[in-house]
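A structural walkthrough
So the chains spell out like this:
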Amino acid sequence: TRETQGDLLESLRMLSRHFACAAMSLTTTSAFDAARTLTFGCMAAMADAVLRSEAVDVPSMLTLHYSGRAPGPVQPFAFDLMGDFEVFSAAMLFVDPKYCVARTQVLEYFSQLRATVPANHLVFAFDKEMRLGDADKLLMGQLTAQLGFSYTEKWGKYFTGEEPEVVENYPELAVFRDIVYMFKVMMAPTSDSLPKVKRWRPEDARLEWTFEDEGKQNDLNKAMVGRFKAEAFGMEMFKPGTWTSNITSGVSSAFTSVAGFFGGGSGSDDTKRLPHSGADPSVVLGEKVS
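Predicted model, so just to flag it, every value in this text is computed and none were measured.

1. A short note on the side chain of D178
If you trace the backbone, D178 turns up in helix α9 (residues 172-185). Residue classification places D178 among the buried residues on the basis of a relative accessible area of 6%. Here R177 takes part through its side chain, which lies 3.0 Å from a polar atom of the side chain of D178. Excluding residues that lie within four positions of it along the chain, D178 makes contacts with R13, L207 and W209.

What follows is the structure in C-alpha cells.
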C-alpha cells in the first residue's frame, strides 16, 4: 500500500541517518570504509526498489513517473551508480565473503536498470555537479505538469523543499534524495567532503537543503539557474570544486583515483580519504621510507 511504501522509505532514511552518524564517529580503516560504503549502497538499492514499486491502493504519481508507468510517452528514471561504485568498490577491502555477495547484488540490480533506463534519464548526479541536471528537470517537469504546479521557475526549490508543494504531497522524493545523496557522499575521493571524526548525534546527520538562485533562467526551458547546497554534520557536503569525477574518462584513470583514496595517489595528507596505516614505517619515523 501507499502507507507501507512511505513507511519503508522513511525507515530507510532513518537507518541511513543513524548509520551515517555512527560511521562518522569512528576512525576509518580500509575494511570499515568498504563496509560503510557498501551498506549505503544496499540502502540506496532498496530505496530505489521501493520507490519504483506501485502501491496497490493509491499509487504515487512520483512512483509512476520514476518507474516509467505514468500515462503518456514517458520513460523510466534511475540514479547513476554503476560507473563510480563498480570501479571504486573493486579496490576496496571486503573482509567477509558476504560483502562480496552483497556488492555483486547491488551491481547486478543497477546493471539491469541501466539496460532499460536511457542515459538522459539519470537523476541526482550530485557527484558530478550540485546543480539541477537535465534528467532532474525532466522528472520534475513531468510531475509538476500532471499536478498543475508551477512548471519551471520553482523546480530547484521543489527538490529542496523550500517550495513545499511537491515534497508535502510526495515526501518520498525528499526521502529518496537524502538516501542517494548520503550514499554518494560516502564515495567522495578525499576527506574534504566528509566530516571530522567526533561523537556525532543522529540529528547532526539530518540534511538541510537549499537552492541558491543565480538570478537567471535557462534559455531552453526557462528553469531558474542555480546550485544546490546540502549541509549536515555542521558543514557543506560536496563543496564546488572538491570532487570532479573522472570515471567517464576511462577505467585506468579511475583506478588511479582509487589509489589516491587509500593513500596511494596524489593529494595532501590532510585530505586523504583514509588515515595512514600504523604498519607503515614512514608513519612511525615521520619521514618517507622507500
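2. Details of the packing of helix α2 (residues 30-51) against α9
Relative placement of two packed helices is described by the angle separating their axes and the distance separating the axes. Packing of α2 against α9 brings their axes to within 9 Å, and their N-to-C directions diverge by 155°. The orientation of α2 with respect to α9, classified from their angle, is roughly antiparallel. Crossing of α2 against α9: the hand is left-handed. Across the interface between the two elements, T37, F40, G41, M43, A44, A47, D48 and L51 from α2 touch E172, F176, I179, M182 and F183 from α9. Split by residue class, the contact of α2 with α9 holds 9 nonpolar, 2 polar and 2 charged.

3. What to know about the nonpolar core
Among the nonpolar cores identified, the biggest contains 74 residues, and Y66, F79, F124 and Y181 are the most heavily contacted of them. Here this core gets 10 residues from one element, more than from any other, and that element is α9. Beyond its immediate sequence surroundings of up to four residues, Y66 is in contact with D48, L51, R52, P76, F77, A78, F79, V123, L139 and F176.

4. Observations regarding empty space enclosed by the protein
Counted by the stated rule, this structure contains 2 cavities of 30 Å³ or more. By volume, the largest cavity amounts to about 40 Å³. Mapped by element, the contributors of at least two residues to the lining of the largest cavity are α1 (2-23) and α9. At 3 residues, α1 tops the list of elements feeding residues into the lining of the largest cavity. Its residues assigned to classes, the lining of the largest cavity comprises 3 nonpolar, 1 polar and 3 charged.

5. A look at the confidence of the model for the protein
Confidence in the prediction of the protein, expressed as mean pLDDT, is 81, and 77% of residues score 70 or more. Below a pLDDT of 50 lies the segment residues 244-268, which in the model reaches 33 contacts outside its immediate sequence neighbourhood of four places, other chains included.

6. Section: the side chain of S60
Mapped onto the elements, S60 comes out in the loop between α2 and α3 (61-67). Among residues more than four places away in sequence, those in contact with S60 are R2, Q5, Y170 and E172.

7. Examining the environment of V166
Structurally, V166 is set in helix α8 (residues 165-169). Distance from V166 to L147, taken between C-alpha atoms, is 9.0 Å for residues 19 residues apart in sequence. Not counting residues within four places of it along the chain, the set of residues in contact with V166 comprises M140, L143, T144, F149, Y158 and L173.

8. Re α9
Compared with an ideal rise of 1.5 Å per residue, which puts 14 residues at 20 Å, α9 spans 20 Å between its outermost C-alpha atoms and is within 8% of the ideal. Burial analysis of α9 places 14 of its 14 residues in the buried class, the great majority of the element.

9. Concerning the pattern of salt bridges
It is possible for side chains bearing opposite charge to pair when their charged atoms get close. This model, assessed by the stated rule, comprises 16 salt bridges. Overlapping salt bridges, with partners in common, bring together E10, R13, R177 and D178 in one network.

10. Focus on the packing of aromatic side chains
This structure, assessed with the given rule, holds 19 aromatic pairs. Relative to F40, the ring of F19 lies with its centre 5.3 Å away and its plane at 65°, an arrangement referred to as edge-to-face. With F19 in helix α1 and F40 in helix α2, the pair connects residues that are 21 residues apart, well separated along the chain. Considering the side-chain rings of F79 and F110, the 5.0 Å spacing of their centres and the 65° angle between planes classify their relative orientation as edge-to-face. In this pair, F79 is assigned in strand β1 (residues 78-79) and F110 in helix α5 (residues 97-114), connecting sequence segments 31 residues apart. What makes F79 buried here is its relative accessible area of 1%. F110 sits in the buried class, given a relative accessible area of 2%.

How each quantity is defined
Note on numbering: residues in each chain are counted from 1, in written sequence order. Where local features are concerned, this predicted model is filtered to residues with pLDDT of at least 70; where side-chain atom pairs are given and counted, the filter is 80 or more; whole-chain, interface and lining totals use all residues. Each side-chain value is worked out from all heavy atoms of the structure, with water and hydrogens disregarded. Numbering of helices and strands runs from the N terminus, with a helix taken as a DSSP run of H or I at least four residues long and a strand as a DSSP run of E at least two residues long. Burial status follows relative accessibility: with a 1.4 Å probe on protein chains alone, a residue under 20% of its type maximum counts as buried, one over 50% as exposed, and anything between as partly exposed. Polar contacts, as counted here, are pairs of nitrogen or oxygen atoms within 3.5 Å of one another; within protein the pair requires one atom able to donate a hydrogen and one able to accept it, and residues that are adjacent in sequence qualify only if both atoms are side-chain atoms. Contacts: residue pairs with any heavy atoms within 4.5 Å of one another. To obtain each axis, a line is fitted to C-alpha atoms, and for helices this fit is confined to the stretch in contact; angles are then taken between N-to-C directions over 0 to 180 degrees. For classification purposes, an angle smaller than 35 degrees is called roughly parallel, one larger than 145 roughly antiparallel, one from 65 to 115 roughly perpendicular, and anything else oblique. The handedness criterion is simple: a crossing whose near helix is rotated anticlockwise from the far helix by less than a right angle is left-handed, and one whose near helix is rotated clockwise is right-handed. Residues were grouped as follows: Ala, Val, Leu, Ile, Met, Phe, Trp, Tyr, Cys and Pro as nonpolar; Asp, Glu, Lys and Arg as charged; and all remaining residues, including Gly, as polar. Definition of nonpolar core: a set of buried residues of the types Ala, Val, Leu, Ile, Met, Phe, Trp, Tyr and Cys, connected through side-chain atoms within 4.5 Å. Grid points spaced at 1 Å and placed over the protein atoms alone form the basis of the search, with a cavity being a set where a 1.4 Å probe fits but cannot get out and a pocket an open set showing protein on both sides within 12 Å along at least five of seven lines. Lining residues have an atom within 4 Å of a point. Grid points are joined across faces, edges and corners, and a volume is the space filled by probe spheres set on the points. pLDDT expresses, on a scale from 0 to 100, how confident the predictor is about each individual residue. To estimate the expected span of a helix, subtract one from its residue number and multiply by 1.5 Å. Between Lys or Arg on one side and Asp or Glu on the other, a salt bridge is scored when a side-chain nitrogen of the former is within 4 Å of a carboxyl oxygen of the latter. Aromatic pairing here means that ring centres of Phe, Tyr or Trp (its six-membered ring) are within 6.5 Å. Orientation follows from the plane angle: under 30 degrees is stacked, over 60 is edge-to-face, and everything else is tilted.

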